[in-house]
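# Secondary and tertiary structure notes
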Amino acid sequence: KGLVYRAFRVMPCSTACGTAISNFEVAQNYREVSDPSIVVRFGIANQENCSLLAWTTTPWTLPSNVALCVNPDLPYLKVMSKADGQQWIVGKARWSWLCALL
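Everything in this summary refers to the structure shown in the same document. Since the model is a prediction, treat every value here as computed from it, not as a measurement.

Criteria and cut-off values
- Residues numbered from 1 in each chain as written.
- Predicted model: local features only at pLDDT ≥ 70, side-chain atom pairs only at ≥ 80, totals over all residues.
- Heavy atoms only, no water.
- Helix = DSSP H or I, 4+ residues; strand = E, 2+ residues; numbered from the N terminus.
- Rg over C-alpha atoms; globule rule 2.2 N^0.38 Å.
- Buried < 20%, exposed > 50% of the residue type's maximum accessible area, 1.4 Å probe, protein only.
- Contact = heavy atoms within 4.5 Å.
- 1 Å grid on protein atoms, 1.4 Å probe; cavity = no way out; pocket = protein on both sides within 12 Å on 5 of 7 lines; lining within 4 Å.
- Points joined across faces, edges and corners; volume = space filled by probe spheres on them.
- Nonpolar A, V, L, I, M, F, W, Y, C, P; charged D, E, K, R; others polar.
- Core = buried A, V, L, I, M, F, W, Y, C linked by side-chain atoms within 4.5 Å.

## A word on the overall build of the protein chain
When helices and strands are counted, the protein chain shows two helices and six strands. The order of α-helices and β-strands along the protein chain, N terminus first, is β-β-α-β-β-β-β-α. Relative to its length of 102 residues, the protein chain is extended, with a C-alpha radius of gyration of 21 Å against a globular reference of 13 Å. Over its C-alpha atoms, taken along the principal directions, the protein chain stretches across nearly 65 × 30 × 30 Å. Each of the 102 residues in the protein chain was classed as buried or not, and the buried ones make up 16%. Taking the contacts inside the protein chain whose residues are at least 6 apart along the sequence as the reference set, 26% of them involve residues at least 24 apart.

## Let's talk about the layout of surface pockets
Volume-wise, the largest pocket comes out at about 330 Å³. What lines the largest pocket is a set of 20 residues, among which Leu-53, Tyr-76, Val-90, Gly-91 and Arg-94 lie closest to the centre. Listed by contribution, the elements that provide at least two residues to the lining of the largest pocket are strand S4 (47–56), strand S6 (87–91) and helix H2 (95–101). Sorting elements by how many residues they give to the lining of the largest pocket places S4 first, with four residues. Its residues assigned to classes, the lining of the largest pocket shows 16 nonpolar, two polar and two charged.

## Considerations on the nonpolar core
Here is a general trend for soluble globular proteins: nonpolar side chains tend to be buried in one another's company. In terms of nonpolar packing, the biggest core is built from five residues, these being Leu-53, Val-79, Trp-88, Val-90 and Leu-98. With near-sequence residues (within four places) excluded, Leu-53 lies in contact with Val-39, Val-40, Arg-41, Trp-88, Ile-89, Val-90 and Leu-98.

These figures come from the coordinates and say nothing about function on their own.
Following this line, the structure appears as structure tokens:
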């Protein structure tokens, strides 16, 4: 039927990521865009007043979340709010970024 054929075409590529770039990304003209994002607290079973903090740019997926993954090889901080005694666990590398949001 002639539906499959062999051809060559230019595929834009990100040298930083080493991946192909979609037509949508190319159409954005590589400009920096600001995506809405939120930080969400996830309670920890059997640990009252303690939550894991997670950052997401896809908040519409939150109702379907059933687990939160962490990397055992990365450092995390457990900090306590002076205001209400709540404890948060957050990636050490993101702590200064999070403080700037608060």
